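# Examining the three-dimensional arrangement
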Amino acid sequence: VPTARFFVATGTNKFHGKMAIIDDQVSFVSSWNADWLSAYVNSEIGEITWSRERAADLMQRFMRDYNDPSNGVREYTIRRNPD
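Anyway, here's the lowdown on the structure attached to this text. Positions within a chain are numbered from 1, following the residues in the order the chain's sequence is written. Per-residue local features are limited, in this predicted model, to residues with pLDDT of at least 70; the limit for side-chain atom pairs, both in listing and counting, is 80 or more; totals at the level of whole chains, interfaces and linings are taken over all residues. To get the side-chain values, all heavy atoms of the structure are used, and hydrogens and water are removed first.

### A look at the overall build of the chain
In this text, helices come from DSSP runs of H or I with a minimum length of four residues, and strands from runs of E with a minimum of two, each type numbered from the N-terminal end. Along the backbone of the chain there are two helices and five strands. Helices and strands appear in the chain in the N-to-C order β-β-β-α-β-α-β. C-alpha atoms of the chain, sized along the principal axes, occupy 35 × 35 × 30 Å. Remark: exposure states derive from per-residue accessible area (1.4 Å probe, protein chains only) relative to the maximum for the residue type, with buried under 20%, exposed over 50%, and partly exposed in between. Counting only residues that meet the buried cut, the chain has 16% of its 83 residues in that class. With an accessible surface of roughly 6,800 Å², the chain has 54% of that area assigned to carbon and sulfur atoms. We score Asp and Glu as negative and Lys and Arg as positive, and we do not count His or the chain ends. Where a charge lies is defined by one atom per residue type: Lys uses NZ, Arg uses CZ, Asp uses CG and Glu uses CD. Counting 10 positive and 11 negative side-chain charges, the chain places the averaged centre of each group 5 Å from the other. Here the accessible surface of atoms and residues is derived via Shrake-Rupley with a 1.4 Å probe, and residues count as covered only by protein chains that are part of the display.

### Describing the packing of aromatic side chains
Stacked, tilted and edge-to-face are the three classes assigned to paired rings of Phe, Tyr and Trp, where Trp is represented by its six-membered ring and a pair needs centres within 6.5 Å; plane angles under 30 degrees give stacked, over 60 edge-to-face, the rest tilted. Counted under the stated rule, the structure contains three aromatic pairs. Taking the centre distance of 5.8 Å and the plane angle of 90° together, the rings of Phe7 and Tyr66 count as edge-to-face. Of this pair, Phe7 sits in strand E1 (residues 6-9) while Tyr66 sits in helix H2 (residues 52-67), and the two are 59 residues apart along the sequence. What makes Phe7 partly exposed here is its relative accessible area of 29%. An angle of 35° between the planes, with centres 5.7 Å apart, marks the rings of Phe62 and Tyr66 as tilted. Here Tyr66 and Phe62 lie together in helix H2, a separation of four residues that amounts to about one turn. Phe62 gets classed as buried once you look at its relative accessible area, which sits at 17%. Residue class for Tyr66 comes out partly exposed when judged on its relative accessible area of 35%. Cluster of aromatic residues (ring-pair linked, three or more members): Phe7, Phe62 and Tyr66.

Dropping the structure here:
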């Protein structure tokens, strides 16, 4: 996804939940890690919602966490393969 951006908390506060907002309309909130243990053992939970209002609310919550220095939020960048 060429416009995807990834942010992580590196400060004293850590997050277990994961969140994604797609096209300001689809939102995803989950505790699921993209690994075998989460997929088959840990019984993780998640929510996918098609709602501009929900996506806006999640973005507002993210920005609050992003702007709090104790969270140490940083953007991870990906070296993309042009092929």
